Amino acid sequence: MRVTIQSVGVDINSDLETKIQRELQFSLSRVEPHITAISISLNSVTNMRNHCDIHCRLTLEIVNQSNVVIEDTQINLEYVIDRVLHKASRAVERLIFKT
């Protein structure tokens, strides 16, 4: 499984990248055999109140399925990553294990 992390306006150090990798493995462990590639894009955006928010876009390439794209925007970087991973795991499980 190939993982790509991109950022614009968000400082990604090696500790944060390692944490993201661990959370990816934990969140998607059940469906990992079905995922071929993961792309995470983190962008700093200014909201209407001139505060910086973090926008996260997670794209999952899945075997024999269309790509799953999850997006969210929050103030806290770790919170937005947690939310996106939680949404992605639920979406992929619904797609793969649907009855």
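Residues numbered from 1 in each chain as written. Predicted model: local features only at pLDDT ≥ 70, side-chain atom pairs only at ≥ 80, totals over all residues. Heavy atoms only, no water.

Caption draft 1: Summary view of the overall build of the protein. Per the secondary structure count, the protein includes two helices and four strands. Helices (α) and strands (β) of the protein occur, in sequence order from the N terminus, as β-α-β-β-β-α. The C-alpha atoms of the protein give 14 Å as radius of gyration, which agrees with the globular expectation for 99 residues (13 Å, within 12%). With the C-alpha coordinates aligned to their principal axes, the bounding extent of the protein is approximately 45 × 30 × 20 Å. Within the protein, counting contacts between residues at least 6 apart in sequence, those at least 24 apart form 47% of the total. (Helix = DSSP H or I, 4+ residues; strand = E, 2+ residues; numbered from the N terminus. Rg over C-alpha atoms; globule rule 2.2 N^0.38 Å. Contact = heavy atoms within 4.5 Å.)

Caption draft 2: Focus on the sheet that holds strand 4 (residues 68-74). Spatially, the four strands line up as an open sheet ordered 1-2-3-4, and their pairing is mixed. Whereas interior strands pair on both sides, the edge strands pair on one side only; in this sheet they are strand 1 (2-8) and strand 4. Strand-to-strand, the axes of this sheet are offset by a mean angle of 10 degrees, without reference to chain direction. Both strand 2 (residues 35-46) and strand 3 (residues 52-62) contribute to a ladder of 11 bridges, which runs antiparallel. Opposite Leu 42, over in strand 3, you have Cys 56 as the bridge partner. Its contacts with the sheet place helix 2 (residues 77-96) against strand 2, strand 3 and strand 4, and it is angled at close to 155 degrees to strand 4. (Pairing = 2+ DSSP bridges. Axes fitted to C-alpha atoms, helices over the stretch in contact; angles between N-to-C directions.)

The values reported here are purely geometric and, on their own, carry no functional implication.
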